[in-house]
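Secondary and tertiary structure notes
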Amino acid sequence: MRSYRGGAVGAAILSLALVASACGSSGGGSKSATTAKGTITVGSANFSESTIVADIYAKALQAKGYTVHPRLNIGSREVYEPALEKGELDLVPDYAATLLEFVNHSANEATPDAQATTAKLLTRLQPKGLTALDPSPAIDANAFAVTKATADKFHLTSLSELAPVAGQLTLGSPAECPTRPFCALGLKNVYGIQFKGFKALGFDTPQLKDALTNNDVQVAELSTTDGTVADRGFVILQDDKHLQLADNVVPIIRTAVLTNAIRDLLNKVSAALTTADLAQLDKKVDSDKQDPDVVAGQWAKDHGFTM
């Protein structure tokens, strides 16, 4: 999915995050933690969907007796992936295709096939002491949106139709976008799209969506599961040349802490999560302004992973 999912955050912020008090209510203070099977530090990127999914995994683990230390909203992949390698984090939910192209330095190994992409990802992660578990059916892809007014003005329904007019428009997205193969770089290489300007406003953030609404940018990189698109009246442009690949949710865990029991549990959670769930969970947090921790807890309870 995503070119990145979240804007860049410095390593100093990660250090602060790792000593901060745990986010949410998934910490190790519950009764189940008194008979803990082990301690797992769960991290996430700094956007709501990543936080929700990480918290779902955390709550499922805690319910089975693991002591869980949530370290959520850490930052971009440039921050949390090295933290996994260093053992500062044990588990982070990610997106198969985008993570593969991140760790292989854009070697173009990712495909639209989730199983094949995850298998290749596993081979790339093993030397780093990391393991990719089973990909979830839930998939979230980068998407490029315009307002209905812009779509009507330029008769836009697809990214191919955007190419001839992009020189008149400004793109809003994360700071990393210009060099990412599934963002501005990919748009240029696959579609021939080159924008008049660029503003670094994060990935799928409220600030980015406000800028799009206010015409400060005319194109914004959002998520296909963004729960606010309909409410905002945005139009997602069709990826008609299939720039985006198999960005299925996949838990990435340090091999040193992985057991068969943990593998089985996390794979069951992943299997239960759907794309429709992602959209609904995102809407509850981003549009309805519900507490992400509460939203994650309700999903975990509804699907039998907690009491």
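Description of the structure in this document.

1. Here we look at the pattern of salt bridges
A side chain of one charge can pair with a side chain of the opposite charge when the charged atoms of the two come close. The tally for this structure, following the rule as stated, stands at 13 salt bridges. The closest approach of N and O atoms between Arg-254 and Asp-90, which form a salt bridge, is 2.8 Å. Of this pair, Arg-254 sits in strand E10 (residues 249-254) while Asp-90 sits in the loop between helix H3 (77-86) and strand E3 (91-95), placing them 164 residues apart in sequence. One salt bridge in this structure joins Asp-226 and Lys-209, with 3.1 Å as the shortest N-O distance. Here the residue Asp-226 occupies a position in the loop between strand E8 (219-223) and helix H10 (229-232), and Lys-209 occupies one in helix H9 (residues 206-213), the gap between them amounting to 17 residues. Through salt bridges with shared partners, a single network forms among Asp-55, Lys-59 and Asp-293.

2. Quick look at the packing of helix H12 (residues 275-286) against helix H13 (residues 292-302)
Between H12 and H13, the least distance of the axes is 9 Å, while the angle of their chain directions is 145 degrees. Crossing angle aside, the handedness with which H12 passes H13 is right-handed. Between H12 and H13, the contacting residues are Asp-277, Leu-281, Lys-284 and Val-285 on the first element and Pro-292, Val-295 and Trp-299 on the second. Split into classes, the residues belonging to the contact of H12 with H13 amount to five nonpolar, no polar and two charged.

3. Things to note about the sheet that holds E8
Read from one edge to the other, the open sheet built from five strands follows the order E7-E6-E8-E5-E9, with strand pairing classed as mixed. Edge positions in the sheet fall to strand E7 (197-200) and strand E9 (234-236), since each of these pairs with one other strand and no more. The sheet shows a mean angle of 35 degrees between the axes of neighbouring strands, direction not considered. In the sheet, strand E6 (residues 170-173) pairs with E7 via four bridges, with the strands oriented parallel. Bridge assignment links Leu-171 to a residue of E7, and that residue is Phe-198. Sheet strands touched by H9: strand E5 (142-147), E6, E8 and E9. Its angle to E8, the strand with the most contacts, is close to 140 degrees.

4. Let's talk about the pairing of strand E2 (residues 67-75)
Burial within E2 is extensive, with seven of its nine residues counted as buried. Two strands pair when backbone bridges link them, and strand E1 (residues 39-45) and E2 are joined in this way by six bridges, in the parallel orientation. Looking at the pairing, Ala-45 lines up with Gly-75 of E2. You can see the chain leave E1, run along helix H2 (residues 48-63) and come back into E2, and the turn it takes is right-handed.

Criteria and cut-off values
- Residues numbered from 1 in each chain as written.
- Predicted model: local features only at pLDDT ≥ 70, side-chain atom pairs only at ≥ 80, totals over all residues.
- Heavy atoms only, no water.
- Salt bridge = Lys/Arg side-chain N within 4 Å of Asp/Glu carboxyl O.
- Helix = DSSP H or I, 4+ residues; strand = E, 2+ residues; numbered from the N terminus.
- Axes fitted to C-alpha atoms, helices over the stretch in contact; angles between N-to-C directions.
- Left-handed = near helix turned anticlockwise from the far one by under 90°.
- Contact = heavy atoms within 4.5 Å.
- Nonpolar A, V, L, I, M, F, W, Y, C, P; charged D, E, K, R; others polar.
- Pairing = 2+ DSSP bridges.
- Buried < 20%, exposed > 50% of the residue type's maximum accessible area, 1.4 Å probe, protein only.
- Right-handed = clockwise from strand over helix to strand, strands pointing away.

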